[in-house]
Amino acid sequence: MKRVLLNFLVVSVKKNDQLKKRKWYAAPLVVLLAVLCIGGVELAVCAHFDPALYHSITDPVYTAVQTGVRRAAETGQAAWNSLCQTADAAALRLREAWDELTAPPPASPSEPESDLQLVDSETVTAPPRPRAEYTVTALENRDGQDILIGGTREVVYFDQTSERWAGEPYGSDHIGGYGCGPTAMAMVASTLTGQEIDPAQMAQYCVEQGYWARLHGSYLSMVPGVSEDFGLECVSLPPEEASSDLVTQHLAAGQLIVALMGPGHFTNGGHFIVLRGVTLEGSILVADPASQERSLTTWDLELILEELSASRHSGSPLWIISPKNF
């Protein structure tokens, strides 16, 4: 019996201690709630009996809260915009890296027997030359199409540097800086077949047929390949055999000669032009896909032969092109 009473007393003491501890922890909360309630009541009374005093107390608080919320929103919006810009930049870098990774590697320009045009996209700076008289050659626009007149055959003309074509794609490059090859062949095909094919269409065709060389222009095999594909006859003319009489004979007969030029008056690297006619004095008329000015002057054959590319790949640097069974 004594043991039971003793246990009861111990339990009672412990419960009393726990209640005291709970009261100690609850005391600050009760005080805080009391303050809030008393403060809220005082503000309500103040708002009723002295609105001016009420607003002098609460307006600064409301203003501070509104300013804080606005600043937090502005900071959040700025952070979001910065995050979006960072994400966009990262996505662009990933896309460029992916394109670079998946693009076919360019052939090495150091190969001596390379089938590459080795284009230089920088504009050539050459001495100015006088424009030929209108009776010798001119550029006319007929139904929206530019035509070079003079010589035996009128030639459809395209300017790769014009706003219409310069930004059009040539693979991952652009026609304005790298597309003299397809532009020259667009002139040849349109002139000799009567089927108009513009530089953008020819560039796409050259890409599909594997004639595009990334960052280097075109493979030289493009000239005989495109000629054959469009039903034209293409014969190589070795420079050592390109006498004035022979060139004059071909041009006077209405044939066109595609020439791959090296550094000089036409290019700093490699550049395709079309020899399109000969004057009565024996000067050469050209269709330069990168310059209307150079297409409207006359040239000495000796200068053209001197500035031909040193390449001898795929029949370069001179190709005589004419319709089949010409």
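Note that this is a predicted model, so its numbers are computed, not measured. (Residues numbered from 1 in each chain as written. Predicted model: local features only at pLDDT ≥ 70, side-chain atom pairs only at ≥ 80, totals over all residues. Heavy atoms only, no water.)

**Q** So, the overall build of the protein: which residues are in play, and what are the values?
**A** The helix and strand inventory of the protein stands at 9 helices and 13 strands. Out of the 326 residues belonging to the protein, those deemed buried represent 37%. For the protein, the share of sequence-separated contacts (at least 6 apart) that also reach a separation of at least 24 residues comes to 63%. Working note: accessible area of the protein is about 19,200 Å², and carbon and sulfur atoms make up 58% of it. (Helix = DSSP H or I, 4+ residues; strand = E, 2+ residues; numbered from the N terminus. Buried < 20%, exposed > 50% of the residue type's maximum accessible area, 1.4 Å probe, protein only. Contact = heavy atoms within 4.5 Å. Areas by Shrake-Rupley, 256 points an atom, 1.4 Å probe, with all protein chains shown as cover.)

**Q** Got a sec to walk through the side chain of Gln145? Specific residues and values, please.
**A** Mapped onto the elements of the fold, Gln145 is located in strand S2 (residues 145-149). Given a relative accessible area of 11%, Gln145 falls into the buried group. Within polar-contact distance, the side chain of Gln145 engages the backbone oxygen of Tyr157 at 3.3 Å. Sequence-distant contacts of Gln145, that is, excluding residues within four places in its chain, are made with Glu140, Val156, Tyr157, Phe158 and Glu196. (Polar contact = N/O pair within 3.5 Å; in protein donor to acceptor, adjacent residues only side chain to side chain.)

**Q** Go over the sheet that holds strand S11 (residues 284-287) with me, naming the residues and quoting the values.
**A** With respect to topology, 6 strands assemble into an open sheet ordered S8-S13-S9-S10-S11-S12, the strand pairing being antiparallel. Since the sheet does not close on itself, it has two edges, and those belong to strand S8 (232-236) and strand S12 (298-299), each with one partner. Alignment of strand S9 (residues 256-261) against strand S10 (residues 271-278), held across 5 bridges, turns out to be antiparallel. In the sheet register, Ile257 faces S10, and the bridge partner there is Leu275. Lying on the sheet, helix H4 (residues 180-193) is in contact with S8, S9, S10, S11 and strand S13 (318-323); it crosses S10 at an angle near 30°. In this fold helix H7 (residues 244-252) packs onto S9, S10, S11 and S13, with an angle of close to 80° to the strand it touches most, S10. (Pairing = 2+ DSSP bridges. Axes fitted to C-alpha atoms, helices over the stretch in contact; angles between N-to-C directions.)

**Q** Any chance you could break down the sheet that holds strand S3 (residues 155-156) for me, citing the residues and the numbers?
**A** Read across the open sheet, the 3 strands follow the order S1-S2-S3; overall the sheet is antiparallel. Because the sheet does not close on itself, it has two edges, and the strands there are strand S1 (138-142) and S3. Strand direction decides the pairing type here: S2 and S3, joined by 2 bridges, are antiparallel. Its bridge partner being in S3, Leu148 is matched across the sheet by Val155.

**Q** A description of the nonpolar core should follow, citing residues and the corresponding values.
**A** Nonpolar side chains in soluble globular proteins tend to end up buried together. Residues Met202, Val258, Phe272 and Ile321 are the most contacted members of the largest nonpolar core, which totals 43 residues. It is H4 that provides the largest number of residues to this core, a total of 8 residues. Setting aside its immediate chain neighbours within four residues, Val258 contacts Met185, Val188, Val223, Phe272, Ile273, Val274, Pro317, Leu318, Trp319 and Ile321. Judged by nonpolar contacts, the second largest core, of 20 residues, contains Val247, Ile257, Met261 and Leu301. (Core = buried A, V, L, I, M, F, W, Y, C linked by side-chain atoms within 4.5 Å.)

**Q** Which residues make up helix H6 (residues 222-229), and what values do they have?
**A** Buried within H6 are the following residues: Met222, Val223, Gly225, Val226 and Ser227. Positive phi shows up at Gly231, right after H6, with a value of about 75°.

**Q** Mind laying out unusual backbone geometry, listing which residues take part and the relevant values?
**A** Here the bond from Ser316 into Pro317 is cis, since omega is 10°, no more than 30 degrees from zero. Counting through the fold element by element, Pro317 comes out in the loop between helix H9 (301-306) and S13. Positive phi is not limited to glycine here, since Asp143 has a value of about 55°. Residue Asp143 is classed as exposed on the basis of its relative accessible area, which comes to 85%. A positive phi angle, close to 70°, is found at Leu215, a residue other than glycine. Structurally, Leu215 is set in the loop between strand S6 (212-213) and strand S7 (217-218).

**Q** Which residues make up the environment of Glu196, and what values go with them?
**A** With respect to the secondary-structure elements, Glu196 resides in the loop between H4 and helix H5 (199-208). Taking the C-alpha atoms as reference points, Glu196 and Gln145, separated by 51 residues in sequence, lie 9.6 Å from one another. Look past the residues within four positions of Glu196 in its chain and what remains in contact with it is Gln145, Phe158, Ser190 and Gln201.

**Q** How would you summarise the packing of H5 against H6 if you had to cite specific residues and measurements?
**A** Remark: H5 packs on H6, axes separated minimally by 12 Å, with the N-to-C direction vectors making an angle of 105°. By the angle between their directions, the pair H5 and H6 is classed as roughly perpendicular. Between H5 and H6, the contacting residues are Met202, Tyr205 and Cys206 on the first element and Met222, Val226 and Asp229 on the second. Looking at the contact of H5 with H6 residue by residue, the class counts come to 5 nonpolar, no polar and 1 charged. (Parallel < 35°, antiparallel > 145°, perpendicular 65-115°, else oblique. Nonpolar A, V, L, I, M, F, W, Y, C, P; charged D, E, K, R; others polar.)

**Q** Got a sec to walk through the packing of H4 against H5? Specific residues and values, please.
**A** Packing of H4 against H5 leaves a shortest axis separation of 8 Å and a crossing angle of 115°. The angle between H4 and H5 falls in the class roughly perpendicular. Two packed elements cross with a definite hand, and for H4 against H5 that hand is right-handed. Packed against H4, whose contacting residues are Pro182, Thr183, Met185, Ala186 and Ala189, the element H5 presents Pro199, Met202, Ala203 and Cys206 at the interface. (Left-handed = near helix turned anticlockwise from the far one by under 90°.)

All we've got here are geometric facts, nothing functional implied.
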